[in-house]
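# Overview (structure and organization)
Each chain, written out:
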Amino acid sequence: MKIAKTALLARAGLLIVPALLLFGAAQGSTAPEPAAAAQYTATGELILPADYREWVFLTSGLNMNYSDGPLGMDHEMVDNVFVDPVAWKAFKATGRWPDGTVMVKEPRIGSSKGSINKSGIFQTEQRFDLEVHVRDSRRFKGGWAFFVNVGDKPAKAIPASASCYSCHGQHGAVDTTFVQFYPTAKPIAVKAGTFADGK
């Protein structure tokens, strides 16, 4: 008799578990929201996103210069730009960068001499201080702020009077960002009608 009861309970369990799984699926996923890409210290300094190199790669530039004067460098410079995945997902859907967007520009020294290379420029492991662009309309006047992370230390926002703000405001093709230089983002913005021509 005990064996029969055990078998009945086991069969009931086999029916209940799939039913619970189906019920849970019908209720929708309860996965936690991803953590915000921008994290700050108690005093408002931006903490360097440690995993930014696992984010979405937007572009690279070699020896780019936004002024007419010489670069004034005795080395090659390669800039890499990354954006957090949540912001990229929203951008693909709307052609705009949402609040919470974090972009990281990673400048590295370029070299032509190394290993088997005979021509052209490659990036070296020598990285300069990172430049970070953050969108947060509740925290920053104008909606965006720039930071320069010295080493990997938390950084204060660059004052709004700095030339980077006016340059991006005047020339940024989408939401004060240089989407005109991002080959995978530009077509999205053009299609969405958010791309400002002539920037």
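A brief report on the enclosed structure follows.

Cut-off values and rules
- Residues numbered from 1 in each chain as written.
- Predicted model: local features only at pLDDT ≥ 70, side-chain atom pairs only at ≥ 80, totals over all residues.
- Heavy atoms only, no water.
- Phe/Tyr/Trp six-rings, centres within 6.5 Å; stacked < 30°, edge-to-face > 60°.
- Helix = DSSP H or I, 4+ residues; strand = E, 2+ residues; numbered from the N terminus.
- Buried < 20%, exposed > 50% of the residue type's maximum accessible area, 1.4 Å probe, protein only.
- Lys NZ or Arg CZ within 6 Å of the ring centre and 35° of its normal.
- Polar contact = N/O pair within 3.5 Å; in protein donor to acceptor, adjacent residues only side chain to side chain.
- Contact = heavy atoms within 4.5 Å.

The next thing to look at is the packing of aromatic side chains. In total, this model carries 10 aromatic pairs according to the counting rule given. Taken together, a centroid distance of 5.8 Å and an interplanar angle of 15 degrees make the contact between Trp88 and Phe91 stacked. Of this pair, Trp88 and Phe91 both sit in helix H2 (residues 85-94), three residues apart, which is roughly one turn of the helix. The burial state of Trp88 is the same as that of Phe91; both residues are buried. Among the aromatic residues, those joined into a cluster by ring pairs are Tyr52, Phe57 and Phe82. Note that Arg139 overlies the ring of Tyr40, its terminal NZ or CZ placed 3.6 Å from the centroid.

Take Asp175: it is sitting in the loop between helix H3 (163-171) and helix H4 (186-192). A relative accessible area of 16% means that Asp175 is categorised as buried. A polar side-chain atom of Asp175 sits 3.0 Å from a polar atom in the side chain of Arg96. Once you skip the residues sitting within four places of it in the chain, Asp175 turns out to touch Arg96, Trp97, Arg135 and Trp144.

In this section: the environment of Cys167. By the secondary structure assignment, Cys167 is in helix H3. A relative accessible area of 22% places Cys167 in the partly exposed class. Each C-alpha atom, one on Cys167 and one on Thr177, is 9.8 Å from the other, the two residues being 10 residues apart in sequence. With residues near it in sequence (within four places) discarded, Cys167 still touches Gly172 and Phe178.

In this model, Asn63 sits at a positive phi of 55 degrees, which is unusual for a non-glycine residue. Mapped onto the secondary structure, Asn63 falls in the loop between strand E3 (56-62) and strand E4 (76-83). Its relative accessible area of 25% is what places Asn63 among the partly exposed residues. Despite not being glycine, Asp175 shows a phi value in the positive range, around 50 degrees.

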